[in-house]
Amino acid sequence: MNDSTAPRPERLVLMNPGPVITDDRVRAALAGPDMCHREPEFSDLLTRVRHKTTLAAGGDDRHTSVVLTGSGTAAVEAAVSSAVPHGGGLLVIDNGHYGERFRHIADAHGIRAHRLELGWATPVDLDAVDRALAADPGLTHVGVVHHETSSGMLNDVAAVTRIAHAHGREVVVDAVSSIGAERISLAADGVDWLAGSANKCLEGAPGLGFVSAARTSFEALAGHPRRGYYLDLHRHYAAQEKAQAPAFTPAIPGFYAFDAALDLALAEGWEARHARYTALARRLRDGLEALGLEILLPPGQRAASLTAVRIPDGCGYAELHGGLRAEGFVIYSAQEQLAADFFRLSTMGQMTQRDIDRFLTALTRILTARG
Ligand SMILES: *Cc1c(COP(=O)(O)O)cnc(C)c1O
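Residues numbered from 1 in each chain as written. Predicted model: local features only at pLDDT ≥ 70, side-chain atom pairs only at ≥ 80, totals over all residues. Heavy atoms only, no water.

Caption draft 1: Quick look at the overall build of the protein chain. When its secondary structure is counted, the protein chain shows 13 helices and 14 strands. Against the globule reference of 21 Å for 371 residues, the protein chain gives a C-alpha radius of gyration of 21 Å, in line with a compact fold. Along the three orthogonal principal directions, the C-alpha set of the protein chain runs to about 65 × 55 × 35 Å. The proportion of buried residues among the 371 residues of the protein chain is 56%. (Helix = DSSP H or I, 4+ residues; strand = E, 2+ residues; numbered from the N terminus. Rg over C-alpha atoms; globule rule 2.2 N^0.38 Å. Buried < 20%, exposed > 50% of the residue type's maximum accessible area, 1.4 Å probe, protein only.)

Caption draft 2: Molecular detail of the UniProt feature "domain: Aminotransferase class V" (unreviewed entry) in the protein chain. As annotated in UniProt, the feature "domain: Aminotransferase class V" (unreviewed entry) corresponds to residues 36–358 in the numbering used here. As annotated, residues 36–358 comprises 42% helix and 18% strand, and the C-alpha atoms at either end are separated by 44 Å. (UniProt positions renumbered as here; feature names shortened; annotations may be inferred.)

Caption draft 3: Geometry of the domain arrangement of the protein chain. Domain annotation of the protein chain identifies domain 1 (13–17 + 269–369) and domain 2 (25–267). Placing a centre on the C-alpha atoms of domain 1 and another on those of domain 2 gives a separation of 27 Å. Counting residues at the interface gives 24 residues for domain 1 and 26 residues for domain 2. Summed over both partners, the interface of domain 1 with domain 2 comes to about 2,100 Å²; 53% of that surface belongs to carbon and sulfur atoms. (Domains from an automatic or database assignment. Contact = heavy atoms within 4.5 Å. Buried area = accessible area lost by both parts, 1.4 Å probe.)

Caption draft 4: Representation of the environment of Pro206. Along the polypeptide, Pro206 turns up in the loop between β9 (193–197) and β10 (208–214). Overall, Pro206 belongs to the exposed group, its relative accessible area being 52%. Taking C-alpha positions, Pro206 is 31 Å from Gly89, a pair spaced 117 residues apart along the chain. The residues contacting Pro206, other than those within four sequence positions of it, are Pro19 and Asn199.

Caption draft 5: Structural context of the packing of aromatic side chains. Scanning the model with the defined rule gives 7 aromatic pairs in all. Taking the centre distance of 5.4 Å and the plane angle of 90 degrees together, the rings of Trp193 and Phe218 count as edge-to-face. Taken as a pair, Trp193 in strand β9 and Phe218 in helix α8 (residues 215–220) lie far apart in primary sequence, 25 residues in all. Neither Trp193 nor Phe218 differs from the other in exposure class; each is buried. When the centroid spacing of 5.0 Å and the interplanar angle of 5 degrees are considered together, the rings of Phe218 and Tyr237 count as stacked. With Phe218 in helix α8 and Tyr237 in helix α9 (residues 233–242), this pair connects stretches of sequence that are 19 residues apart. Each member of the pair Phe218 and Tyr237 is classed as buried. The rings of Trp193, Phe218 and Tyr237 are connected pair by pair, giving a single aromatic cluster. We note Arg235 situated over the ring of Tyr229; from NZ or CZ to the ring centre the distance is 3.9 Å. (Phe/Tyr/Trp six-rings, centres within 6.5 Å; stacked < 30°, edge-to-face > 60°. Lys NZ or Arg CZ within 6 Å of the ring centre and 35° of its normal.)

Caption draft 6: Geometry of the site of the ligand. Around the ligand sit Ser71, Gly72, Thr73, Tyr98, Arg101, Val145, His147, Thr149, Asp174, Val176, Ser177 and Lys200, and that is every residue in its neighbourhood. Contacts to the ligand include Thr73, whose side-chain N or O atom sits 2.5 Å from an oxygen atom. At the level of elements, α3 (72–83) and α4 (97–108) are the ones that each hand at least two residues to the shell around the ligand. Residues of the shell around the ligand, tallied by class, amount to 3 nonpolar, 6 polar and 3 charged. (Near = heavy atom within 4 Å. Polar contact = N/O pair within 3.5 Å; in protein donor to acceptor, adjacent residues only side chain to side chain. Nonpolar A, V, L, I, M, F, W, Y, C, P; charged D, E, K, R; others polar.)

Caption draft 7: Representation of the environment of Gly314. As for its placement among the helices and strands, Gly314 is situated in the loop between β11 (306–310) and α12 (317–326). With relative accessibility at 61%, the residue Gly314 sits in the exposed group.

Caption draft 8: Molecular detail of unusual backbone geometry. For the peptide bond that leads from Gly18 to Pro19, omega is -5 degrees, which places it in the cis range. With respect to the helices and strands, the residue Pro19 is situated in the loop between β1 (13–14) and α1 (24–29). Look at Ala121: it is not a glycine, yet its phi comes out positive at around 60 degrees. Mapped onto the secondary structure, Ala121 falls in the loop between β4 (112–117) and α5 (126–135). One non-glycine residue, Gln244, lies in the positive phi region at around 50 degrees.

Below is the structure:
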């Protein structure tokens, strides 16, 4: 079937925190040639994507990456379930939905977890991290989210890593919604395990996650328990590093897109991307505040790519979503305890200042119509 008269789908402005509006070159790459994943072409593509992913994660010659077919959660789960040894435990730094997810993952794999519950949208208490590790030598690993997307809060991963290392522990960082647009580096911060995904600030297509770490750390997984099968990181590492082939059938179009997206991300650089997202966010936040809307976090705690904002009085989220969707904008609800009062607006991806201005105009119109 080829209906050439079908209208081109409208360009929705995706203000959900991933998947994002992608560059035309990334979307075009999805339509690359059919290919067998056990032929040299895919081996080259895999090796290229792994190398560029490691660069995006701030790695050097000592580091490498394993790319998984699965979303960001698959990458976090692969890291946690593979890295924590027999008899080990995970200190979960929980100041939002994704921090909590670390605990759910640990529970699912029978890994002992100690949850440092700080409260949503509450900055990480570094002294409490220090105390928790001092009190319990069995907590071999610390799980921390870099950008806690449930609130938009940026956590100080470098400081957490310093404390963990002072106690001889390893850190697993959920960098799913930060890598590409916030400062995070395997080499400079000494992050032990970094989990990310293709479709947020790296601006690729959905479907791929990855774990980046030192080669020696991946090698050391050989002696660890195999808690899962598909998400066994050592299995993927051995296949991708030694045989330069995937362990299982990969999402080949996603690799094509990620290859193109990584070229753009590395050419732009995380600093410039951070500045681009920050400029969009500033314009958005200024506009929201001019409308009298309250932003959840103080300026110093906000990531560049997300703004959580209070739902205006007398207006439900569904109504706001529907009104804005009709004007071409996709907004995103908040989760769990924040859902009743807040919604979220992302500034990730190929969004423009004009998109922000048009969004603010549409929002103003909706709020004015309601008085
Ligand atoms: C998006 C996100 C994830 C992964 O979500 P998926 O639905 O699996 O892609 C994990 N952690 C954070 C902080 C995220 O923002």
